[in-house]
Structure formats: structure tokens, C-alpha cells
Amino acid sequence: ETNAILASFGDSDKTSSWAKESTAACIKEGIVAGKTGNLLVPKANITRAEVAAIISRLLKESDLIN
């Protein structure tokens, strides 16, 4: 399932092997969606706004906030 989820992203091969399963799980749960279109850009820096959006989605998925 991990490979199937990551296959839709053109740069998934750049994701570190140790992070692939967690990345796929976050994509599956809607916590992360990739940066641009069908790219993950796993080696790029992340902005504060992106971190805030990820934390918000994570808290909502965990039913800790509405």
C-alpha cells in the first residue's frame, strides 16, 4: 500500500527509505498532500504556514480539535 500511495507523486523516489511508510500514512490520512501538484518535494524546507496547516490537520484527525 505504501508504494501505491507514493507512486502518484513524481518525486517519491527522493523520499528517504526510513520515511516512506510514515509519509504514505500521512498522505492517506489527509495530513499531508504534497507541495505542488503531484510532487512531495521531500528535501525542501518547510514554511511556518505549512507546519501550522499540518498540525491543524493532525489535531483534527485525532479529534483533539474541531
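Here, residues in each chain are numbered from 1, in the same order as that chain's written sequence. With the structure being a predicted model, the display of local features is reserved for residues of pLDDT at least 70 and the display and counting of side-chain atom pairs for 80 or more, all residues being used for whole-chain, interface and lining totals. Values shown for side chains rest on all heavy atoms present in the structure; no hydrogens or waters enter the calculation.

**Description of the side chain of S12**
Link 1 in the chain: Locating S12 in the fold gives a position in the loop between α1 (2–6) and α2 (20–28).
Link 2 in the chain: Three exposure classes are used, based on accessible area relative to the maximum for each residue type with a 1.4 Å probe and protein chains only: buried under 20%, partly exposed in between, and exposed over 50%. Judged by relative accessible area, S12 falls into the buried class, the value being 14%.
Link 3 in the chain: A polar contact is formed between the side chain of S12 and the backbone oxygen of L6, at a distance of 3.1 Å.
Link 4 in the chain: Throughout, a contact is declared for two residues whenever any of their heavy atoms are within 4.5 Å. Apart from residues lying up to four places away in sequence, S12 is in contact with L6, K20 and L40. Numbering of helices and strands starts at the N terminus; helices are DSSP runs of H or I of at least 4 residues and strands are runs of E of at least 2. For this analysis, a polar contact is any N or O atom pair within 3.5 Å, provided that within protein one partner can donate a hydrogen and the other can accept it, and provided that sequence-adjacent residues contribute only side-chain to side-chain pairs.

**Thoughts on the nonpolar core**
Link 1 in the chain: For the purposes of this section, nonpolar cores are sets of buried Ala, Val, Leu, Ile, Met, Phe, Trp, Tyr and Cys residues that join through side-chain atoms within 4.5 Å. Counting 6 residues, the largest nonpolar core consists of I5, L6, F9, A24, I27 and L40.
Link 2 in the chain: Listing elements by their share of this core, those giving two or more residues are α1 and α2.

**Examining unusual backbone geometry**
Link 1 in the chain: Positive phi, normally seen in glycine, also occurs at V41, with a value near 50°.
Link 2 in the chain: Position of V41 relative to the elements: it lies in the loop between α2 and α3 (48–61).
Link 3 in the chain: Phi at D63 is positive, roughly 55°, even though this residue is not glycine.
Link 4 in the chain: Tracing the sequence through the fold places D63 in the segment after α3.
Link 5 in the chain: Looking at D63, the relative accessible area reads 69%, which means it is exposed.

**Focus on the pattern of salt bridges**
Link 1 in the chain: Salt bridges are defined as contacts in which a side-chain nitrogen from Lys or Arg sits within 4 Å of a carboxyl oxygen from Asp or Glu. The full count for this structure, using the stated rule, is 2 salt bridges.
Link 2 in the chain: Close ionic contact of K28 with E1 constitutes a salt bridge, the shortest N to O distance being 3.0 Å. Residue K28 is located in helix α2, and its partner E1 is located in the segment before α1; the two are separated by 27 residues in the primary sequence.

**What about the side chain of D11?**
Link 1 in the chain: Structurally, D11 is set in the loop between α1 and α2.
Link 2 in the chain: As used throughout, the charge tally considers Lys and Arg to be positive and Asp and Glu to be negative, leaving His and the chain termini uncounted. Buried charged residue D11 carries no salt bridge. Nearest counter-charge: K14, at 5.8 Å.
Link 3 in the chain: Here D11 is in contact with N38, L39, L40, V41 and P42, once residues within four sequence places are set aside.

**As for the environment of S16**
Link 1 in the chain: Of note, S16 is situated in the loop between α1 and α2.
Link 2 in the chain: Classification of S16 by relative accessible area gives partly exposed; the value is 22%.
Link 3 in the chain: Note: C-alpha distance between S16 and K43 (27 residues apart in sequence) is 9.1 Å.

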